[in-house]
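Observations on the three-dimensional arrangement
Listed below are the residues making up each chain.
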Amino acid sequence: VSDDEALRLARETLAKLSLEEKVSLCAGNGTFTLNAIPHAGIMDEWYFSDNSSTVNAEMNRWTWGASGAKGDESTMLPSMSALASTWNVELARAHGDVLGSEAAHRGKDQMLGPGVNLMRTPLCGRNWEYLSEDPCLAGDLAAAMIRGVQSHDVAACVKHFCLNNQENDRFRVDVTVDDRTLNELYLEPFRRAIVRGGAWTVMSAYNKYNGDFISENPFLQRCVLRERWGFKGQIVTDWGGQRSCAKAAKAGCGVEMDMGGNIHHLFNPKEKKYPLADAVRRGEVCEATVNDMALRVLWVMAKAKFL
């Protein structure tokens, strides 16, 4: 599906949705799912799988636990750091091809990877799912892997955008970095993954940059991702990375995810409350902002032939 055709389908679907239904697409209705809205043509729930090396086991709706479903196996591919040690773009494409094929077979719509944060310190606990300390190598291999995953109509999600390069205080550290280092090192692998690889989705990181959490950071989400790089797709928070409602929405945030019962800033799936819709009615957020958030989710669904 071309970008323009996906946009047409997304706009047609958006026109059928109420404000609450739009908001329900901007947050999970469980730990790893987005809402189905059959009357608008979204016939099934959208499923995430959180791994760059395999398709994870089925998860319970409201917890982190696996459901224990039978026949719930998939190939375990090498870690991202092992893949990068090959310096082999064709192998990275094959890695993504296997991952996308098995994800599609298992009914998964979005793979939460690859991770392209730089290995700034060997003490980072997520290094196994990052590719390299070199931004060019990480970006080029990620781009190839993304093309492999998305060739099976499964969305790849490049993460963790950005500057999430250490384990100590990873959830709230405020990163200070000069512009040249930011652009030439820490943003470059993301740029290559998005511009060259065509990633449909991006995961925002937990940390702050210049005082604002990434999920509330207009410079990174609006100026860099959307305006500078032309990113059309969905931004999804890391699980528990949403920090607010109105502030985050106006800064360009996307889909709020967490362990199901903890999703509450934009849409509360357990209690069926709609804080983002309430913020629109109070005049704190423009409905056009919600439309744009939902449209980006729908655009990705259209690209994946889900609509």
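The structure this text deals with has already been given above.
Below you will find a few notes about this structure. (Residues numbered from 1 in each chain as written. Predicted model: local features only at pLDDT ≥ 70, side-chain atom pairs only at ≥ 80, totals over all residues. Heavy atoms only, no water.)

1. Some thoughts on the nonpolar core
Convention followed: Residues belong to one nonpolar core when they are buried, are Ala, Val, Leu, Ile, Met, Phe, Trp, Tyr or Cys, and are joined through side-chain atoms within 4.5 Å. Only protein chains enter the accessibility calculation, which uses a 1.4 Å probe. A residue is then buried if its area is under 20% of the maximum for its type, exposed if over 50%, and partly exposed in between. A run of H or I in DSSP counts as a helix once it spans at least four residues, and a run of E counts as a strand once it spans at least two, with each numbered from the N terminus. Note on contacts: a residue pair is in contact if any heavy atoms of the two residues lie within 4.5 Å.
Trp 46, Phe 48, Trp 239, Leu 276 and Met 301 are the most contacted members of the largest nonpolar core, which totals 51 residues. If you list the elements that add at least two residues to this core, you get helix H1 (3-14), helix H2 (19-24), strand S2 (46-49), strand S4 (155-161), helix H9 (246-250), helix H10 (275-281) and helix H11 (287-303). Once you skip the residues sitting within four places of it in the chain, Phe 48 turns out to touch Phe 32, Thr 33, Leu 34, Lys 108, Gln 110, Leu 112, Gln 234, Val 236, Trp 239 and Met 257. If you look at the next biggest cluster of nonpolar residues, it comprises 46 residues, including Val 55, Cys 162, Leu 220 and Leu 225.

2. Describing the sheet that holds strand S1 (residues 33-34)
As a reminder of what qualifies: Note: two strands are recorded as paired if DSSP finds a minimum of 2 bridges between them. In this analysis an axis means a line fitted to C-alpha atoms, helices contributing only their contacting stretch, and an angle means the value between N-to-C directions, from 0 to 180 degrees.
Taking strand neighbours across the sheet as the criterion, the six strands line up as S1-S2-S3-S4-S6-S9 in an open arrangement whose pairing is mixed. Only two strands of the sheet have a single neighbouring strand rather than two, namely S1 and strand S9 (234-237). Here helix H5 (residues 135-150) sits on the sheet in contact with strand S3 (110-111) and S4, set at roughly 145° to S4.

3. Some remarks on helix H7 (residues 188-196)
Residues of H7 that are buried: Glu 188, Pro 189, Phe 190, Arg 192, Ala 193 and Ile 194. Residues of H7 that are buried make contact with H5, S4, helix H6 (179-186), strand S6 (201-204) and helix H8 (218-228). Two residues or fewer after H7 comes Gly 198, characterised by a positive phi angle close to 70°.

4. Notes on H1
Our working rule: To estimate the expected span of a helix, subtract one from its residue number and multiply by 1.5 Å. It is the directions from the helix axis to the C-beta atoms that the arc portrays.
Its 12 residues give H1 an end-to-end C-alpha distance of 16 Å, which sits within 8% of 16 Å, the value for a rise of 1.5 Å per residue. For H1, the set of buried residues is Ala 6, Ala 10, Thr 13 and Leu 14. Looking straight down H1, one finds its buried side chains confined to an arc of 95°; they lie on one side. Counted as exposed and oriented over 90 degrees from the buried face of H1: Asp 4 and Arg 11.

5. Let's talk about the pairing of S2
With two bridges connecting them, S1 and S2 associate as antiparallel partners. When the bridges of S2 are listed, Thr 33 appears paired with Tyr 47.

6. Description of the sheet that holds strand S8 (residues 212-213)
The mixed open sheet is built from three strands, whose spatial order is S5-S7-S8. At either end of the open sheet lies a strand with only one pairing partner, and these are strand S5 (174-175) and S8. By the bridge criterion, two bridges tie S5 to strand S7 (residues 208-209) in an arrangement that is parallel. Bridge pairing in S7 places Val 175 opposite Tyr 209.

7. Things to note about the pattern of salt bridges
Counted only if it meets this: For salt bridges, the criterion is a side-chain nitrogen of Lys or Arg within 4 Å of an Asp or Glu carboxyl oxygen.
Considering all chains together, one arrives at 26 salt bridges under this definition. A salt bridge links Glu 5 to Arg 8, with the nearest nitrogen and oxygen atoms 2.5 Å apart. Remark: Arg 8 and Glu 5 occur in helix H1; sequence separation between them is three residues, near one turn of the helix. Note that Asp 140 is salt-bridged to Arg 196, the shortest N-O span being 3.0 Å. With Asp 140 in helix H5 and Arg 196 in helix H7, this pair connects stretches of sequence that are 56 residues apart. The partly exposed category is assigned to Asp 140, whose relative accessible area is 26%.

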